[in-house]
Amino acid sequence: MWSFFARDPVKDFAYELLPDTQETSGLWTLHRGKRKTSGEPVSVFVYEVAQGTEQQTQLAKAAFKRMKTLRHPNILAYVDGLETEKSLYLVTEQVTPLAAHLKAQAEKGGSGELEVSWGLHQIVKAVSFLVNDCHLLHNNLGVWAVFVDRAGEWKLGALDHVAPQQPDLSWASLPAPKAVYPDMEKYDPPETPNSNTGEKWAGEVWRLGCLIWEVFNGPLPRASSLRSLGKVPKALVPHYCELVGASPRARPNPAQFLQNCRGPGGFLSNSFVESNLFLEEIQIKEQAEKQQFFQDLSDNLDSFPEDFCKHKVLPQLLTAFEFGNAGAVVLTPLFKVGKFLSAEEYQQKIIPVIVKMFSSTDRAMRIRLLQQMEQFIQYLNEAAVNSQIFPHVIHGFTDTNPAIREQTVKTIGELS
């Protein structure tokens, strides 16, 4: 009986931290972790009560609560959590801090503008959601508040200082970021706090400008550096300048900023952003629109980031074939993405779909498979060929379409 009450809740927690994977993330320590039962990778933010002040513990508990209740595709996704007298454990989808991600990308030759454009689009959407839909202020926006998942998607986190635009008594006692981190003062807008100049979110928009500056130029040395554009792309410059304008009344709402940047020639107006937006709404698109999208996708994939192709495009291609009657049009982009996979991943994700495609009565599908056999034949095992593919291929000898008969003859040589 007593042993039940003495049990350590941390030991019974469904997740474990991986050794030697910690790094500081504001008040928290960020660890890589995994679910004990399945090995599914996660990120675990840990706050130790003994190592923080009473105010910091208040902030950590506020962030813990916010993470559980704020749900949005562009906000870091809460998976699970544990609160004890000694510590807080916050489990999220597996992510990397943006600063670490940008550094790793720089070592590979740098993040492309396409990837950054979609990342900024996601963060501005998250800020717009907080400001316009929830009537909240993030109050801690910066590179340190952004995390990147395995598909390269940017997520807004660091919710420690989130508060209502009209503060109530429950939030009035929480300290401002610069009270916890003295070097945060350089990110403050020039107007005095609580002044009646401009909207409540004017400071959020200023910090968004600071974030954009740091994404392209690295850590901000001082507030005056914002006037030096550095590597901020030309298409983004006029809109960036509006964010860090001295007059808070002139700064655009996050939703308006997004719209401005999506205009003709804007930094957020490109094939990568368009493809992502289509994929987000693919379930409600008409069949003809989907067909056209997958047809155009092949040409665009060569310029898209590899992680995005593997973790975002591939699942959509597989779903489109499995449930969306997409047909032969998914084959070319499917094989393009397949080049990014290891042999094991190819076997696991693509081969079962190919095997299923061979049983299709769609002539366009069958001839496309026969024509592109060299793309996947090395991943086929003998058992699958003999039992699941060969019986369907030989039907091609008696097909009324001469192109299928001819291609079948060529293919039999490759299979034998």
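Parameters and conventions
Residues numbered from 1 in each chain as written. Predicted model: local features only at pLDDT ≥ 70, side-chain atom pairs only at ≥ 80, totals over all residues. Heavy atoms only, no water. Pairing = 2+ DSSP bridges. Helix = DSSP H or I, 4+ residues; strand = E, 2+ residues; numbered from the N terminus. Axes fitted to C-alpha atoms, helices over the stretch in contact; angles between N-to-C directions. Buried < 20%, exposed > 50% of the residue type's maximum accessible area, 1.4 Å probe, protein only. pLDDT = per-residue confidence, 0-100. Contact = heavy atoms within 4.5 Å. Salt bridge = Lys/Arg side-chain N within 4 Å of Asp/Glu carboxyl O.

Student: How would you sum up the sheet that holds strand E7 (residues 95-97)? Please name residues and give values.
Tutor: An order of E7-E9-E10 is seen for the three strands of this open sheet, with the pairing classed as antiparallel. Each edge of the open sheet carries a strand with a single partner, namely E7 and strand E10 (154-156). Sheet twist, expressed as the mean angle between neighbouring strand axes with direction ignored, is 40°. Pairing of strand E9 (residues 146-149) with E10, which is carried by three bridges, proceeds in the antiparallel orientation. Note on E10: the bridge partner recorded for Phe-147 is Lys-155.

Student: Please provide a residue-by-residue account of unusual backbone geometry, values included.
Tutor: Here the phi dihedral of His-135 falls at roughly 55°; this positive angle occurs in a residue that is not glycine. Residue placement: His-135 occurs in the loop between helix H4 (113-133) and strand E8 (136-137). Although it is not a glycine, Ala-158 adopts a positive phi angle of roughly 50°. For Ala-158, the location among the structural elements is in the loop between E10 and strand E11 (163-164). Ala-158 sits in the buried class, given a relative accessible area of 19%.

Student: So what's going on with the confidence of the model for the chain? Residues and values would help.
Tutor: Here the chain averages 86 in pLDDT, and 86% of its residues register 70 or above. Confidence, expressed as mean pLDDT per element, reaches its minimum in the chain at helix H1 (residues 2-5) with 44 and its maximum at E10 with 97. Contacts from residues 1-6, a stretch scored under 50 in pLDDT, to residues over four places away or in other chains number zero contacts.

Student: Let's hear about the pattern of salt bridges: which residues, and what values?
Tutor: Following the criterion strictly, the structure yields nine salt bridges and no others. Residue Glu-40 pairs with Arg-35 through a salt bridge whose shortest N-O separation is 3.3 Å. The class of Glu-40 is partly exposed, set by a relative accessible area of 38%. Look at the salt bridges and you will find they share partners, linking Asp-188, Glu-204 and Arg-207 into a network.

Student: Describe the pairing of E9, and please don't skip the residues or the numbers.
Tutor: Going residue by residue along E9, you find Val-146 and Val-148 tucked away on one face and Phe-147 and Asp-149 tucked away on the opposite face as well. Between the antiparallel neighbours E9 and E10 lie four residues, among them Gly-152 with a positive phi of about 90°.

Student: Hey, could you go over the pairing of strand E4 (residues 41-48) for me, with residue numbers and the actual values?
Tutor: Taken across its eight residues, E4 has six buried, putting it largely inside the fold. Here six bridges tie strand E3 (residues 28-35) to E4, and the two strands are oriented antiparallel to one another. Residue pairing in the sheet places Thr-29 in a bridge with Val-46 of E4. Where E3 hands over to E4, the hairpin turn is made up of five residues, of which Gly-39 adopts a positive phi near 80°. Relative to strand E6 (residues 87-93), E4 runs antiparallel, the two being bridged by seven bridges. Counted as the bridge partner of Val-42 is Glu-93 from E6.

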